[in-house]
Amino acid sequence: MARSPKLGRSDSGQIVQGFSIGGHNIQIGYAAGHVAIMLDRPEYRLEFLEPGNADESHPEQRPSYLLDPQWQVVPYRHRPDPEERLTAWRDQPGAAVSVLLVHGPGGQGKTRLASRFASQAHQDGWAVAQAVQRSPRLRPGHPMPSPLRTGQPLLVVVDYADRWPLPILAQMVDNLPYDYPKRTIRVLLLARPLAGLWRDVSATLNHGTIDLAEPEQLGDFTDDPAGREDAYAEAVAAFANRMGMATVELPSRTDLDDEAYRSPLTLHMAALSAVCAHRDGQPAPTRQRLSDYLLAHETRYWQSVATGLTVDAIERVVFVSTLFGPVTGLGPACALLRRARLADGDAHARAVIDAHDRLYPTHDESALPPLRPDRFGEDFLARHLKDHPRATASLAELLADAPNGTTPDTLSVRRCLSMLAATAARHTEARPVLFGVLTGQPTLATLATADVLRVIIDHAPDDVAAIVDAALPRYSSDLLRPARDLAQRLLDALPADASPTRRATRLTRLGIRLAEVGDTRAAVEPTREATGIYRALAEAEPAAYLPDLAMSLNNLGIRLAEVGDKRAALEPTREATGIYRALAEAAAAAYLPDLAASLNNLGVYLSQVGDTRAALEPTREAVTIRRALAEAEPAAYLPDLAMALNN
């Protein structure tokens, strides 16, 4: 390959000198810094950050580079209130480990604020690291010596925390005191607004050893018209300087009072567009056309660089890299391009990667970095999907299971779904693509993160939402609340003339999801209503609906027991047991496991209400059935037998 990263060795382990690790935005001091891999686990790693020398001579004039917060082209504009709150949180006494969530829309300045905070922490003697997700398919490297001094406090920044699987995020935070003992540790989470995110994180981490700070919502970076005009003028001057232009004086924008300019990124896009238009002798675009205008300039940049690829080919590669990148390792990157039909073989794929690298260089082991900033990349995805209808089918093929093992890894698929969801949240034309991918391959829903489900809840048609709901895992700790909200939305969306079966199914689903998030009392009523519907259906058509009635009765017993009414749980559980016994007599293979489960529950509830002698009979019968099942299928039924024996 053409790339030649500057790799060196130090007491800190492996270092990438003079550049940031590709694909991650948190910087210390300057846009160019040193990175050492300080902890390498199969599903995440910590990258230790150190300042380097500023790279003021970077020649690039592409909009994506100039707008990317990691290059800090526009000087940082102080935000006193959040900066003071971050410092107070960092320095609070008594908390050995504390976690803080800072959330705000894309382009609101979370990354710049975090970089500034990280730089200040480093100056104050803190070690600073960024936590990065890894694909479980990639083996971690050799253990690295810790770059921390004895007792040195540690700040860990987690960007895109809303896209991390909650168990992995919790594992990382929980492990920090053991990986780096006897020191103060602060974990800063950055995320876009996502309903229930902090509740889920805090519920998972709330075990008494970790302090959970009140989340910080990042507001406007300047809330007065004069301050906004100053920020705009400052950005104009910075962009003109980086583009090698003499000082330019542009007329003030007359629309800076628009709420859209509360976002630093939108303000910077307006400033960059104005500078480009001035250079080209064109009128500056309106706010509504900022992204299209700058994307057109990005395309001109592609044309100006000798890559050996056509602009159309470059656009397709950038489309794939923005969805799936950055890709760790040359092999997986080549496989992705072959699978996307952008390369015929490894040699061709390496040539394509080299061409992409000339446009968007990386300086580590990754390839195919995405178009940044995120919102700019999302705008590009929306435009590409609109202009290239075939892209939807190509994406579906790319995500499909491949028998030759070239399927994108789990992390890449999650990243793709999250990028599609972020795009769909802002661009209606991207929604059918996300919905089509998930309904065409429902198993992908098992890899969806909460941000993906939120788009489904807020924007998907009822049939799409139902397919995704049915494909979700039975229990997933990082999807508990989104899954509950999806079940509630599906029930609320039922028309008045919906069939009883459909209503009972959705009531049952909601009861289960409510119980999973711990709202056991609220779970009773939908379960009871579903039981009533199934009873009426079973009276009319016993052969068709008795199994559903037994299932619902068993669920009702469980729900009643969960709220502490064990005596009330006996009646539906006894009735379910009787129905399953009759069904098992006619079809033993199909219903004996259900009969054993119901008998087991009955024994538990009898014991809990104090009738321990009566509890023996159903428990013994459950053991007998499960012993027979385990003899035939040990892998499937030995755990159930062990539980029944224990009871």
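What counts and what doesn't
Residues numbered from 1 in each chain as written. Predicted model: local features only at pLDDT ≥ 70, side-chain atom pairs only at ≥ 80, totals over all residues. Heavy atoms only, no water. Helix = DSSP H or I, 4+ residues; strand = E, 2+ residues; numbered from the N terminus. Expected span 1.5 Å × (residues − 1). Buried < 20%, exposed > 50% of the residue type's maximum accessible area, 1.4 Å probe, protein only. Contact = heavy atoms within 4.5 Å. Salt bridge = Lys/Arg side-chain N within 4 Å of Asp/Glu carboxyl O. Core = buried A, V, L, I, M, F, W, Y, C linked by side-chain atoms within 4.5 Å. Axes fitted to C-alpha atoms, helices over the stretch in contact; angles between N-to-C directions. Parallel < 35°, antiparallel > 145°, perpendicular 65-115°, else oblique. Pairing = 2+ DSSP bridges. pLDDT = per-residue confidence, 0-100. Phe/Tyr/Trp six-rings, centres within 6.5 Å; stacked < 30°, edge-to-face > 60°. Left-handed = near helix turned anticlockwise from the far one by under 90°. Nonpolar A, V, L, I, M, F, W, Y, C, P; charged D, E, K, R; others polar. Lys, Arg positive; Asp, Glu negative; His and termini not counted.

> Would you mind going over helix 6 (residues 225–242) with me for this structure?
Within an α-helix, residues lying three or four positions from one another point in the same direction, as the helix has 3.6 residues per turn. Compared with the 26 Å implied by 1.5 Å per residue over 18 residues, the 26 Å span of helix 6 between its first and last C-alpha is a close match. Taken together, the buried positions of helix 6 are occupied by Gly227, Arg228, Ala231, Tyr232, Ala235, Val236, Ala238, Phe239, Ala240 and Arg242. Those residues of helix 6 that are buried are in contact with helix 1 (63–67) and helix 7 (264–280). Looking one or two residues beyond helix 6, the residue adopting positive phi is Gly244, at roughly 75°.

> When you look at the pattern of salt bridges in this model, what are you seeing that I'm missing?
Applying the stated criterion across every chain, the model contains 34 salt bridges. With a shortest N-O distance of 3.1 Å, Arg426 and Glu378 are connected by a salt bridge. Of this pair, Arg426 sits in helix 14 (residues 410–426) while Glu378 sits in helix 12 (residues 374–387), placing them 48 residues apart in sequence. The shortest N-O distance in the salt bridge between Arg474 and Glu516 comes to 2.3 Å.

> Explain the nonpolar core here, please?
Soluble globular proteins tend to pack their nonpolar side chains together in the buried interior. Phe239 and Leu434 are the most contacted members of the largest nonpolar core, which totals 98 residues. Contact partners of Phe239, with chain neighbours within four places excluded, come to Leu66, Leu67, Val73, Val74, His268, Ala271, Leu272 and Val275. One finds Phe48, Trp164, Met172 and Ala191 within the second-largest nonpolar core, a separate group that totals 37 residues.

> Looking at this model, I keep getting lost on unusual backbone geometry. Mind explaining?
Working note: non-glycine residues mostly have negative phi, and peptide bonds are mostly trans. Geometrically, the link from Gly325 to Pro326 is a cis peptide bond, its omega value of 0° lying close to zero. In this model, Arg372 is joined to Pro373 through a cis peptide bond whose omega is 0°. With respect to the secondary-structure elements, Pro373 resides in the loop between strand 12 (366–367) and helix 12. Its identity as a non-glycine residue notwithstanding, Gln72 has a phi of 50°, on the positive side. Relative to the helices and strands, Gln72 is located in the loop between helix 1 and helix 2 (80–90). Take Gln72: its relative accessible area is 22%, and that puts it in the partly exposed class. A positive phi angle is found at Lys182, which is not glycine, with a value near 60°. Checked against the element boundaries, Lys182 lands in the loop between helix 4 (166–179) and strand 8 (185–191).

> Please clarify how helix 7 should be interpreted in this entry.
Taking 1.5 Å of rise per residue, the 17 residues of helix 7 would be expected to cover 24 Å, and the 24 Å separating its terminal C-alpha atoms lies within 8% of that figure. The buried fraction of helix 7 amounts to 14 of the 17 residues, a majority that puts the element mostly inside the structure. Phi turns positive one or two residues past the end of helix 7, at Gly281, with a value near 70°.

> What exactly am I supposed to notice about the packing of helix 9 (residues 311–324) against helix 14 here?
Two quantities define a packed helix pair, namely the angle between the helix axes and the distance between the axes. At their nearest, the axes of helix 9 and helix 14 sit 7 Å apart, and the two run at 105° to each other. Regarding the angle of helix 9 to helix 14, the classification is roughly perpendicular. Residues Thr322, Leu323 and Phe324 of helix 9 lie in contact with helix 14, whose contacting residues are Ser412, Arg415, Cys416, Met419 and Leu420.

> So what exactly am I meant to see when it comes to the pairing of strand 6 (residues 127–133) here?
The side chains of a regular strand alternate, first on one face of the sheet and then on the other. Counting buried positions over the seven residues of strand 6 gives seven, a clear majority of the element. What you see with strand 6 is no split at all: Ala127, Ala129, Ala131 and Gln133 on one side and Val128, Gln130 and Val132 on the other are buried throughout. Looking at chain direction, strand 4 (residues 44–51) and strand 6 are connected through six bridges and run antiparallel. Bridging from a neighbouring strand, Phe48 pairs with Ala129 of strand 6. Where strand 6 and strand 7 (residues 154–158) come together, four bridges link them in parallel fashion. Bridge assignment links Ala129 to a residue of strand 7, and that residue is Val156.

> Would you mind going over the environment of Val318 with me for this structure?
Note that Val318 resides in helix 9. Among the residues examined, Val318 registers a relative accessible area of 1% and is labelled buried. Separated by 50 residues in sequence, Val318 and Leu368 have C-alpha atoms that sit 7.9 Å apart. Among residues more than four places away in sequence, those in contact with Val318 are Trp302, His356, Tyr360, Leu371 and Phe380.

> Would you explain the confidence of the model for the protein chain in this entry?
Reading fine detail from the predicted coordinates is not recommended where pLDDT is low. Averaged over the protein chain, the pLDDT score is 87; the fraction of residues at 70 or greater is 90%. Within the protein chain, helix 20 (residues 520–540) carries the highest mean pLDDT (98), whereas strand 1 (residues 7–10) carries the lowest (28). Counting contacts from residues 1–23, a segment whose pLDDT is below 50, to residues more than four positions away or on other chains yields 68 contacts.

> In this structure, what is going on with the environment of Ile28? I would like to understand it.
Within the secondary structure layout, Ile28 lies in the loop between strand 2 (13–16) and strand 3 (33–40). Measuring from C-alpha to C-alpha, the distance between Ile28 and Gln123 comes to 9.5 Å, with 95 residues separating the pair along the chain.

> Before we go on, may I ask you to explain the packing of aromatic side chains in this structure?
Given two aromatic rings, their pairing is described by the distance between the two centres and the angle made by the two planes. The final tally for this structure, using the stated rule, is three aromatic pairs. The interplanar angle of 35° and the centroid separation of 5.4 Å between the aromatic rings of Tyr65 and Trp71 together place this pair among those described as tilted. Trp71 carries the same exposure label as Tyr65, and that label is buried. Relative to Phe380, the ring of Trp302 has its centre 6.3 Å away and its plane inclined at 90°; by these criteria the two rings are edge-to-face.

> It is not clear to me how the packing of helix 4 against helix 5 (residues 197–205) should be interpreted in this structure. Could you clarify?
In contact at an axis separation of 10 Å, helix 4 and helix 5 are set at 50° when each is read in the N-to-C sense. Our classification of the angle between helix 4 and helix 5 gives oblique. Every pair of crossing elements has a handedness; the one defined by helix 4 and helix 5 is right-handed. In this structure, helix 4 uses Leu166, Leu169, Ala170, Val173 and Asp174 to contact helix 5, whose residues at the interface are Asp200, Val201, Thr204 and Leu205. Its residues assigned to classes, the contact of helix 4 with helix 5 shows six nonpolar, one polar and two charged.

> Could you clarify how one ought to interpret the side chain of Arg626 in this entry?
By secondary structure assignment, the location of Arg626 is in helix 24 (residues 612–632). Buried charge Arg626 goes without a salt bridge, the closest partner of opposite sign being Asp640 at 4.6 Å. Setting aside chain neighbours within four positions, we find Arg626 in contact with Ala596, Ala597, Asn600, Asp640, Leu641, Met643 and Ala644.

> Got a minute to help me understand the pairing of strand 5 (residues 97–103) in this structure?
Burial analysis of strand 5 places seven of its seven residues in the buried class, which makes it a mostly covered element. Covered by surrounding structure in strand 5 are Val97, Val99, Leu101 and His103 together with Ser98, Leu100 and Val102, the residues of both alternating faces. Two elements, strand 5 and strand 8, share seven bridges in a ladder whose sense is parallel. Paired with Val99 across the two strands is Val187, which belongs to strand 8. Sheet topology note: the strand 5/strand 9 (residues 211–212) ladder contains two bridges and is parallel. Across the sheet, residue Val99 finds its bridge partner in strand 9, namely Leu212. Pairing analysis gives two bridges linking strand 5 to strand 10 (residues 216–217), with the strands arranged parallel. Directly across from His103, in strand 10, lies its bridge partner Gln217.

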